[in-house]
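# Reading the structure
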Amino acid sequence: MDRFSPTLKFYYTLTDNPTATNWLLWITITALAILVYKLGFAKKLPLLKSFIIYLFLIVGCLFLTFLAIFLPIAEGLMVAAVILIIYKIRLKREKNSGAI
């Protein structure tokens, strides 16, 4: 248990069920990956292309979930999301003030 990532430890102590822990970890990683994608990389695309991108993103998060058992993947995505949120807030403020 000591070698697991902090998020996995938290979910395991919360649920005390390995299956539920893995599902919660996958949902967390998927949600954070979608948030980071939307904040940093998403462009306006047609509906089918967006669906395909999100489908591959969700499937790719399965692989990230396996890595997140021992590596801090969820924590890294949290940091990336916070940085991108701060960037977007500052960009919006500067646009509203007319500096850009």
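Residues numbered from 1 in each chain as written. Predicted model: local features only at pLDDT ≥ 70, side-chain atom pairs only at ≥ 80, totals over all residues. Heavy atoms only, no water.

Turning next to the packing of helix α2 (residues 18-40) against helix α4 (residues 73-97). Relative orientation of the contacting elements α2 and α4 amounts to 30°, with a least axis distance of 9 Å. Judged by the angle between their axes, α2 and α4 are roughly parallel. Handedness of the α2/α4 crossing: left-handed. On α4, the residues touching I29, L32, A33, L35, V36, L39 and G40 of α2 are I73, A74, L77, M78, A80, A81, L84, I85 and K88. Class assignment of the residues belonging to the contact of α2 with α4 gives a composition of 14 nonpolar, one polar and one charged. (Axes fitted to C-alpha atoms, helices over the stretch in contact; angles between N-to-C directions. Helix = DSSP H or I, 4+ residues; strand = E, 2+ residues; numbered from the N terminus. Parallel < 35°, antiparallel > 145°, perpendicular 65-115°, else oblique. Left-handed = near helix turned anticlockwise from the far one by under 90°. Contact = heavy atoms within 4.5 Å. Nonpolar A, V, L, I, M, F, W, Y, C, P; charged D, E, K, R; others polar.)

This next bit is on the packing of aromatic side chains. Two aromatic rings, taken as a pair, are described by how far apart their centres are and by the angle between their planes. Counted under the stated rule, the structure contains four aromatic pairs. With centroids separated by 5.6 Å and ring planes inclined at 50°, the aromatic side chains of F10 and Y11 adopt a geometry described as tilted. The aromatic ring of F70 is capped on one face by R3, whose charged end is 5.5 Å from the ring centroid. (Phe/Tyr/Trp six-rings, centres within 6.5 Å; stacked < 30°, edge-to-face > 60°. Lys NZ or Arg CZ within 6 Å of the ring centre and 35° of its normal.)

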